[in-house]
Amino acid sequence: SGSTLTDLGQDKETGRPSTVASVGERVFYSGVRSNLIGGDNESVKYTGMVFFSKVVNTINDLHKCYQEADPTSRKISDLVDTDGGHINISECDNIIKLVPFQSSILVFAENGIWEIKGSDRGFLATEYIVNKVSDVGCVNKDSIVNVEGVICYWTESSINIITRDKVGSTAVESISDNKIDSLITSIDNNIIVGQYDRIN
């Protein structure tokens, strides 16, 4: 016997975004620890997803993470530059924080760091790039600090920084190697809080 519409699962997602950031004229949401009710093997899981709003003109646009046109329409179904949407970073485990980094967004996860960049025209729903910045993730969202344009964060074994060079490439390097390694590995990851004192 064939299945009917009533046989379909609910696919109700109970997880909620835990991190929000804005770059340009958009808001980005992520950090959902997917917990589906009534799902099956075909259900979309939101772990590893980054949602972005349409270009925000009013407060009512902040939650519109979808395209304006009906994608099933026979007349107008095209995605346009200003639409909202989502980016699925399939390799990504739990996302703990989104951090604006100049004109891009850094995605800090437990198993690595990714960068979402727009084109020369900025971030467009139709044109963006996702690059993996590091295979080493961040241990605590509270350890991430913006130090005058350089992003610092803690890993299991080091304090790292993320910088951008003159040609626009993003790089990660340790600033703690062979200095305070034993101190870092001895601290409980759950209590790490990053701070930066600009004056001292």
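Summarised in this report is the structure supplied together with it. (Residues numbered from 1 in each chain as written. Predicted model: local features only at pLDDT ≥ 70, side-chain atom pairs only at ≥ 80, totals over all residues. Heavy atoms only, no water.)

To continue, consider the packing of aromatic side chains. Scanning the entire structure with this criterion turns up seven aromatic pairs. Each ring, one from phenylalanine 108 and one from tyrosine 153, has its centre 5.2 Å from the other, and the planes form 70°; the classification is edge-to-face. A residue pair is termed long-range when its members are at least 10 positions apart, and phenylalanine 108 in strand S8 (residues 104-109) and tyrosine 153 in strand S12 (residues 150-154) qualify at 45 residues. Across this residue pair, the class does not change: phenylalanine 108 and tyrosine 153 are buried. (Phe/Tyr/Trp six-rings, centres within 6.5 Å; stacked < 30°, edge-to-face > 60°. Helix = DSSP H or I, 4+ residues; strand = E, 2+ residues; numbered from the N terminus. Buried < 20%, exposed > 50% of the residue type's maximum accessible area, 1.4 Å probe, protein only.)

In this section: the sheet that holds S12. Remark on secondary structure: sheet strands pair via backbone hydrogen bonds, oriented parallel or antiparallel. Overall, antiparallel pairing links the four strands, which are arranged S11-S12-S13-S14 in an open sheet. Two strands bound the open sheet, and with one partner strand each, they are strand S11 (145-147) and strand S14 (170-174). With strand direction ignored, the average angle separating the axes of adjacent strands in the sheet is 30°. Inspection of the sheet shows S12 paired to strand S13 (residues 159-164) by four bridges, in the antiparallel sense. What sits directly across from tyrosine 153, in S13, is asparagine 160. (Pairing = 2+ DSSP bridges. Axes fitted to C-alpha atoms, helices over the stretch in contact; angles between N-to-C directions.)

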